[in-house]
Amino acid sequence: MKEKVRELSNGVKIPVVGFGTYKLENDNDEVCNMVKEAIKAGYRSIDTASFYDNEEGVGKGITQSGINREELFITTKVWPDDDGYENTMKAFEKSLSKLNLDYIDLYLVHWPTEKIKDTWRALEDLYRQKKVRAIGVCNCTIEQLESIIEFANINPMVNQVELHPNRSEKELIKVCKRHNIVVEAWSPIMRGQLMSNEIIKELAKKYNKSEAQIILRWHLQNNVIAIPKTSSPSRIKENLDIFDFNISKEDMKKIDSLNTGERMKPQKYENLYKVI
Ligand SMILES: NC(=O)c1ccc[n+]([C@@H]2O[C@H](COP(=O)([O-])OP(=O)(O)OC[C@H]3O[C@@H](n4cnc5c(N)ncnc54)[C@H](OP(=O)(O)O)[C@@H]3O)[C@@H](O)[C@H]2O)c1
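What this report covers is the structure whose coordinates are included nearby. Please read these numbers as outputs of a predicted model, since none were measured by experiment. Every chain's residues receive numbers from 1 upward, in the order its sequence appears when written. A pLDDT threshold of at least 70 governs which residues receive local features in this predicted model, and a stricter bar of 80 or more applies before side-chain atom pairs are shown or counted, although totals over entire chains, interfaces and linings include all residues. Excluding hydrogens and water, the side-chain values take into account all heavy atoms of the structure.

Quick look at the site of the ligand
Going by this rule: Proximity is defined per residue: any heavy atom of the residue falling within 4 Å of a molecule or strand makes that residue near it. Distance and chemistry together define a polar contact, namely a pair of N or O atoms within 3.5 Å, with one atom able to donate a hydrogen and the other to accept it when in protein, and with adjacent residues in sequence counting only for side-chain atoms on both sides. Here, Shrake-Rupley sampling with a 1.4 Å probe gives the accessible areas, and only protein chains in the shown set may cover a residue. Secondary structure counts use DSSP, requiring at least four H or I residues in a row for a helix and at least two E residues in a row for a strand, with both numbered from the N terminus. Gly counts as polar in this scheme, as do all residues outside two lists: the nonpolar Ala, Val, Leu, Ile, Met, Phe, Trp, Tyr, Cys and Pro, and the charged Asp, Glu, Lys and Arg.
Taken together, 26 residues surround the ligand, and among them Asp47, Ser187, Arg191, Thr230 and Arg235 come closest. Tyr52 is positioned with one of its side-chain polar atoms (N or O) 3.2 Å from a nitrogen atom of the ligand. Contact distances for the ligand include 3.4 Å between an oxygen atom and a backbone N or O atom of Met190. Alone, the ligand offers 900 Å² of accessible surface; in the complex the protein occludes 87% of this. A total of three residues in the shell around the ligand trace back to one element, the largest contributor, which is helix α9 (residues 233-240). Along the lines of polarity and charge, the residues of the shell around the ligand split into ten nonpolar, ten polar and six charged.

In structure tokens form, the structure reads like this:
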């Protein structure tokens, strides 16, 4: 696969690998330095959220990177405490100011709540006002996603969900494809927990790649966008170096066989939006 970007339903291009920043902190310029490293290594997409409490550092890294703003794809998210129309509008302005930007590329609902209709209306307005180039959701089940599509004037363009070989979400991917929604994987390498898996290890050996690269390539070949996080400059490079090999159909199936459907750990925000 040569393309390193994909198109969202509105034609906006999104890089197929982005840099995740959860747990990278403002303190000691950690997140700022990692964002600069990532941009230097060739990443153009950075994923943050108000909840990560690191938007200032991400913004600083972007400014110090020296790269033109238009070349970057910046994602941030509205947290459940800020749901509803007015609160979302305020939360957006706060994120924008912390990031020191004048627009966001992708604004996501972090977890849908019972106020999702109002929250979504706010995202639609931000999109119409051209303050965001694309809008989407996170953590939506098929049921939640289809219910949002029913009331939405503008459909979500992205659904960012927990997705890795242990939770491969094949059905959700099919439904998203049908609605022209791009799927993004959070915890794409399962926070490192799959590195000692025998199948992954065997494939790493076979393709002469690292275990992380095997998993990230599996995402790429499944048309899923991955946003791995790391605090190591060498892993930043490693996680992007996945464009020079192909996993065979047979080996893709071996990785698919690891699916149990389970989450890494229970998520307390999972059921805030109950579809009736
Ligand atoms: N929308 C949501 O609800 C949601 C939820 C969670 C996460 N996210 C987003 O998704 C991003 C990625 O998810 P994540 O941070 O949970 O997990 P992840 O990217 O799957 O894994 C990160 C962990 O893997 C390690 N790691 C990274 N590259 C590695 C490599 N090449 N070899 C071995 N270990 C490696 C990292 O350690 P080191 O740092 O020590 O390298 C870190 O402990 C987040 O940062 C965030 O932006 C979104």
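Some remarks on the packing of helix α3 (residues 85-99) against helix α4 (residues 116-128)
Under the convention used in this document: Fitted lines through C-alpha atoms give the axes, limited to the stretch in contact for helices. The angle between two N-to-C directions lies from 0 to 180 degrees. Our angle categories are set so that under 35 degrees counts as roughly parallel, over 145 as roughly antiparallel, 65 to 115 as roughly perpendicular, and the remainder as oblique. A clockwise turn of the near helix away from the far one marks a right-handed crossing, whereas an anticlockwise turn of less than a right angle marks a left-handed crossing. Two residues form a contact once any of their heavy atoms are found within 4.5 Å.
Direction vectors running N to C along α3 and α4 enclose 45°, while the axes themselves pass 7 Å from each other. By the criterion of interaxial angle, the relationship of α3 to α4 is oblique. The crossing of α3 and α4 is right-handed. Contacts from Tyr85, Thr88, Met89 and Phe92 in α3 reach Asp118, Thr119, Arg121, Ala122, Leu123, Asp125 and Leu126 in α4. Its residues assigned to classes, the contact of α3 with α4 shows six nonpolar, two polar and three charged.

Considerations on a positive patch on the surface
Stated precisely, the cut-off is as follows: The patches described consist of residues with a relative accessible area above 30% and no salt bridge, like charges being joined within 9 Å and nonpolar side chains (Val, Leu, Ile, Met, Phe, Trp, Tyr) within 5 Å. The term salt bridge refers to a pairing of a side-chain nitrogen on Lys or Arg with a carboxyl oxygen on Asp or Glu at a separation within 4 Å. Charge counting follows a simple rule: Lys and Arg are positive, Asp and Glu are negative, and His as well as the terminal groups are ignored. Every charge is mapped to an atom, namely NZ of Lys, CZ of Arg, CG of Asp or CD of Glu. Accessibility here uses a 1.4 Å probe with only protein chains present; expressed as a share of the type maximum, an area under 20% marks a residue as buried, one over 50% as exposed, and anything in between as partly exposed.
A cluster of basic residues, Lys23, Arg191, Lys229, Arg235 and Lys265, forms a positive patch at the surface. Its place among the elements puts Arg191 in the loop between β9 (182-186) and α7 (198-207). Classification of Arg191 as partly exposed rests on a relative accessible area of 44%.

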